[in-house]
Amino acid sequence: MEIRIDPKKVLYSLLGVLVLLLALNLIGLIPIYTGAREVPWKIFSFDDEQNIPVLFSTANLVLCGLLAWGIACGFRSVRKKALQWGVLAGVFFYLAIDEFIMIHERIAHLMRILLHQQALHDAGWVVPYAVLVIAFAALYLKFFLQLPKKTKMLLILGGALFVFGAIGMECIGCIWWKIENGKDVVYYLFATAEETLEMLGVLAVQYALFNFISECQPDLSLAVTPCITSDN
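Predicted, not measured: the structure shown is a model, and the values here were computed from it.

> Could you clarify how one ought to interpret the environment of V202 in this entry?
Tracing the chain through its elements places V202 in helix α9 (residues 185–216). In the structure, V202 is positioned 110 residues away from F92 in sequence and 9.6 Å away in space, judged by C-alpha atoms. Residues within four places of V202 in sequence aside, it is in contact with N60, L61, C64 and F162.

> Is there a simple way to explain the packing of aromatic side chains in this structure?
To describe a pair of aromatic rings, one takes the distance between the centres and the angle between the planes. In this structure the tally under the stated criterion is seven aromatic pairs. On the numbers, 5.0 Å between centres and 75° between planes, the contact of Y140 with F143 is edge-to-face. Here Y140 and F143 have matching classes, each one buried. Ring geometry for W176 and F190: centres 6.2 Å apart, planes at 70°, overall edge-to-face. With W176 in helix α8 (residues 149–180) and F190 in helix α9, this pair connects stretches of sequence that are 14 residues apart.

> Is there a simple way to explain the nonpolar core in this structure?
Across soluble globular proteins, nonpolar side chains have a tendency to be buried as a group. By size, the foremost hydrophobic cluster in this structure holds 34 residues, and its most contacted members are I71, W85, F92 and L209. Listed by contribution, the elements that provide at least two residues to this core are α1 (7–28), α3 (52–74), α4 (79–101), α8 and α9. By residue number, the principal contributor to this core is α9, which donates ten residues. When near neighbours in sequence (up to four residues on either side) are disregarded, F92 contacts L61, C64, G65, A68, V205 and L209.

> Help me understand a nonpolar patch on the surface in this model?
Taken together, the side chains of L26, I27, I30, Y33 and L189 present a nonpolar region at the surface, about 440 Å² in accessible area. Every element with two or more residues in the nonpolar patch is listed here: α1 and α2 (30–33). Within the secondary structure, L189 sits in helix α9.

Procedures and definitions
- Residues numbered from 1 in each chain as written.
- Predicted model: local features only at pLDDT ≥ 70, side-chain atom pairs only at ≥ 80, totals over all residues.
- Heavy atoms only, no water.
- Helix = DSSP H or I, 4+ residues; strand = E, 2+ residues; numbered from the N terminus.
- Contact = heavy atoms within 4.5 Å.
- Phe/Tyr/Trp six-rings, centres within 6.5 Å; stacked < 30°, edge-to-face > 60°.
- Buried < 20%, exposed > 50% of the residue type's maximum accessible area, 1.4 Å probe, protein only.
- Core = buried A, V, L, I, M, F, W, Y, C linked by side-chain atoms within 4.5 Å.
- Patch = residues over 30% accessible without salt bridge, like charges linked within 9 Å, V, L, I, M, F, W, Y side chains within 5 Å.
- Areas by Shrake-Rupley, 256 points an atom, 1.4 Å probe, with all protein chains shown as cover.
- Salt bridge = Lys/Arg side-chain N within 4 Å of Asp/Glu carboxyl O.

Structure below.
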């Protein structure tokens, strides 16, 4: 059996799910517009943990990891490239775990304790993560420059969206939280923008990986071969 994958159809389908989740999140903010301080329905909230938007983000990061791992397996005869793609797959899997169990929030709490700075709120993880992003970019620059042009452009777009959402909007939201001494409608809109940018970034990276695979193998497919045993 052979399952053919159309990267554009996958992208459009996931974008459709994202738009639906965004709409449900905004509908859930209606009580905030009328003065409430907390979102009553958290299952679709972009500012909550372990709900449907988080599962969606986690699944997409896992898919990125699987695609990168598949590429690494394709380069198994070229040890250096296989290792580079394998490490990249590991990064995506870590981000998926972080997204689901919120490792960065635990790091933020630790940073507040170490720096004795309550003003950091939930953004204390930004500094160590920003350092890691810069170090990773420096280490992978040569690897990145060797990629096909379209893949590079998509990765730049995805990376920029994800980093601006995860780090930039997180900082802006925390500054607003400090000014207002709590959550209000503007804070929730910043949180919505943050998660939306992150999701769009991951989908762009995912499409970049699909594009890289399709350029190496134009008839992109997943082949499932039945196991045949012999009685002899």
